[in-house]
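Descriptive structure summary
In case you want the letters, here they are:
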Amino acid sequence: MRFVKLIAAKLFPISRRDLFVTAGILLCTIMVCSVVRRAGGIQGFAQPVFVLAVLLISRFTTGYLYGLISVVLSVVCVNLIFTYPYWAFNLTIAGYPLTFFVLLTVSIITCSLTAQAKEQARLLAENEREKMRANLLRSVSHDIRTPLTSIVGSTSAILENPGLSEREKRELLENTREEAQWLIRVVENLLSITRIGDEQARITKEPEAAEEVLGEAVRKFRRRFPDISVSISIPDDLLLVPMDPILIEQVLANLLENAAVHGKTTTAIHVSLQAEDGFACFSVRDNGQGLPGKNTAGLFDAAAQPRAHADGDGKRNMGLGLSVCRAIVRAHGGTIDAKNLSRGAEVYFRLPVCKEEL
Amino acid sequence: MQIREKILVVEDEKSIAQFIAAVLSENGYETVQARSGAEALSMISSHCPDLVILDLGLPDMDGLEILRQLRGWSSLPVVVVSARSHERDKVTALDAGADDYLTKPFGTNELLARVRTAIRHTRTASGNDEIAQKGTYTVGELVIDYNKHQALVRGENVKLTLSEFRIVALLGKYAGKVLTYDFIIKELWGPRAGGSNQILRVNMANIRRKIEKNPAEPEYLFTEVGVGYRLAEGE
């Protein structure tokens, strides 16, 4: 019984949108035919127009239900309104079963083709996601392996070589800590990804004070990079932005860290927040070396990162961090982009301020 | 000889318990360790520690359960240490009576700072000494005057509205401790105030504009994103 229901729900799904589409197309068709009839159209012109209508409805609705409904309605319309005698239902007109049959065939074939196309698109998207996931895993494994090697190496060196000087030991331990902190970043980014979730990226948004999130991200950054000076500018009025604050803090943390680590020569960072017609614009600007290459489009793809970079196997890969940033910003319905300045680089993202309708 | 504060470290991971204990004893605390919830509860009654560092993921019971049982009869300070990083978990633990919440991984300086704060708060029952004695709370250039209901920055009255002052006063009473949004709202507007944090956000933004030099770089009023607010603690 449940199985039957399930099949029925799959073949005949009911949706308000589809109902509107069906009604809209049918009304348009009736209107067009009425106009043509008034203008003195010839007998039988209505049928091909309704074939087109049925075709369109079957194409743009889901399942078979609306296609079939439109077939029945079309037949009634053609018969009742557009075939002599007008406004009378006459089943004896020659060709009437033929009209019905043609419309039915058109509808069923179109519906099944549409369903097939949709299924194919879904498979393709799934494939794409699978590929992305694999790329991500590869990128992450790589990011993890290098620091782990250094941690295991440094600690073994200390344990197995009692003759090391205090200074050497200290250096090794400092490296270990540095690498462990890098690993923490990687893990935090991965956690962020799990928070976004992989299906349609549903996140819980609440209006948050953007300046608080910004301030916290900078405060944590300063603790980690005390040598880099950070200035902040925010608007005078409080900006409440619907967001998942933990995720946006992660975005800012990633951008700040990138500015410090990948800017290489960065000594100062400027973070700003601005309100711009319906959007909150966050920007992180540094005075470092700037972004590699001219193409900023690939920057946010973990997979598109140049792996075989000049300096070895690129442990400090910013691909993961930036692709996480983009995923988070997109899940908020925002956009993110980057550009080179005359000195240094700027990464900026915009989040919609006005609430989306529910 | 000075009596050293005794800290119970409840943590089932040996390596983590060891490093916490090492850091604490190096900084002048006496430590005892428990590896499970049952052990922790019995040690709390037998050792009477001054503070408990509590891991939430224990083999025999949830750390929150220990916290709830403990809060049934004691206000012994508890600093929760956990790998659960969702802000929901933090809020739950804080609302269940934890004095502080540290997410793994954490730095040793952070741990020590939280431990010091939590211990100081027990010595002075509710709020802190200064408020009880002088009716004011001072941190840096900020003075909260509980008698006159005003806040001063560099000696100047910053003219907070009543609800703004009440927020600052509440944070001052628990200075150094994170107060969850829910807690603040309930304290200020009663238990039936709506669940929306928006009014609190707006008030806080106004307070910061009056007290802080740059509201985005607070020196006094810190945000724990997704959890609550905390007022800086004077040393």
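Residues numbered from 1 in each chain as written. Chains lettered and ligands numbered in written order. Predicted model: local features only at pLDDT ≥ 70, side-chain atom pairs only at ≥ 80, totals over all residues.

Looking at the overall build of chain B
A tally of helices and strands in chain B yields nine helices and 12 strands. Here the C-alpha radius of gyration of chain B, 19 Å, is about what a compact globule of 235 residues would show, namely 18 Å. The principal-axis extents of the C-alpha atoms in chain B amount to approximately 50 × 45 × 30 Å. Per-residue burial over chain B gives 36% buried out of 235 residues. Residue pairs in contact within chain B that sit at least 24 positions apart in sequence constitute 55% of those at least 6 positions apart. (Helix = DSSP H or I, 4+ residues; strand = E, 2+ residues; numbered from the N terminus. Rg over C-alpha atoms; globule rule 2.2 N^0.38 Å. Buried ≥ 20, exposed ≤ 12 C-beta atoms within 10 Å, placed from the backbone. Contact = placed C-beta atoms within 7 Å.)

Points about the packing of helix α7 (residues 162-173) of chain B against helix α9 (residues 198-211) of chain B
Helix packing geometry: the angle between the two helix axes and the distance between the axes. Residues and elements named next belong to chain B. Their axes nearest at 10 Å, the elements α7 and α9 cross at an angle of 85°. When the interaxial angle is binned, α7 and α9 end up roughly perpendicular. Facing α7, whose interface residues are Ser-163, Glu-164, Ile-167 and Val-168, α9 presents Asn-203, Met-204, Asn-206 and Ile-207. For the contact of α7 with α9, a count of residues per class yields four nonpolar, three polar and one charged. (Axes fitted to C-alpha atoms, helices over the stretch in contact; angles between N-to-C directions. Parallel < 35°, antiparallel > 145°, perpendicular 65-115°, else oblique. Nonpolar A, V, L, I, M, F, W, Y, C, P; charged D, E, K, R; others polar.)

What about the sheet that holds strand β3 (residues 51-55) of chain B?
Adjacent strands of a sheet pair through backbone hydrogen bonds, lying either parallel or antiparallel. Residue and element names in this part refer to chain B. On the basis of which strands lie adjacent, the open sheet formed by five strands has the order β2-β1-β3-β4-β5 and parallel pairing. Strands at the two margins of the open sheet, each flanked by one partner only, are β2 (30-34) and β5 (100-103). This sheet shows a mean twist of 20° between the axes of neighbouring strands, independent of strand direction. Inspection of the sheet shows strand β4 (residues 78-82) paired to β5 by four bridges, in the parallel sense. For Val-79, the partnering residue across the bridge sits in β5 and is Asp-100. In this fold helix α3 (residues 63-71) packs onto β3 and β4, with an angle of close to 150° to the strand it touches most, β3. (Pairing = 2+ DSSP bridges.)

Quick look at the confidence of the model for chain A
When pLDDT drops low, the exact placement of atoms in the prediction is not to be read closely. The pLDDT averaged across chain A works out to 81; a share of 86% of its residues lies at or above 70. Low pLDDT, under 50, characterises residues 306-315 of chain A; the stretch is placed with four contacts to residues that sit more than four places away or in other chains. (pLDDT = per-residue confidence, 0-100.)

Focus: the environment of His-142 of chain A
Residues and elements named next belong to chain A. With respect to the secondary-structure elements, His-142 resides in helix α5 (residues 96-160). Here His-142 falls in the partly exposed class, since 16 other C-beta atoms lie within 10 Å of it. Between the C-alpha atom of His-142 and that of Leu-173, which follows or precedes it by 31 residues, the distance is 22 Å.

So, the sheet that holds strand β10 (residues 179-180) of chain B
All names here are of chain B. Spatially, β10-β12-β11 is the arrangement adopted by the three strands of the open sheet, whose pairing is antiparallel. Both edges of this open sheet fall to β10 and β11 (221-224), since each of them pairs with a single strand only. In this structure, β11 lies alongside strand β12 (residues 228-231), joined through four bridges in antiparallel fashion. Bridge pairing links Phe-222 to Arg-230 in β12.

What about the nonpolar core?
Counting 55 residues, the largest nonpolar core has Ile-53, Leu-54, Val-80 and Val-168 of chain B as its most contacted members. Sort the elements by how many residues they give to this core and α7 of chain B lands first, with five residues. The residue makeup of this core includes at least three contributed by each of domain 1 (6-123) and domain 2 (129-231) of chain B. Those residues in contact with Val-80 of chain B, other than ones at most four positions away along the chain, are Leu-54, Leu-56, Gly-63, Ala-93, Ala-98, Asp-100, Tyr-101 and Leu-102 of chain B. With 45 residues, the next largest nonpolar core counts Ala-217, Leu-320, Leu-322 and Val-347 of chain A among its residues. (Core = buried A, V, L, I, M, F, W, Y, C linked by C-beta atoms within 7 Å. Domains from an automatic or database assignment.)

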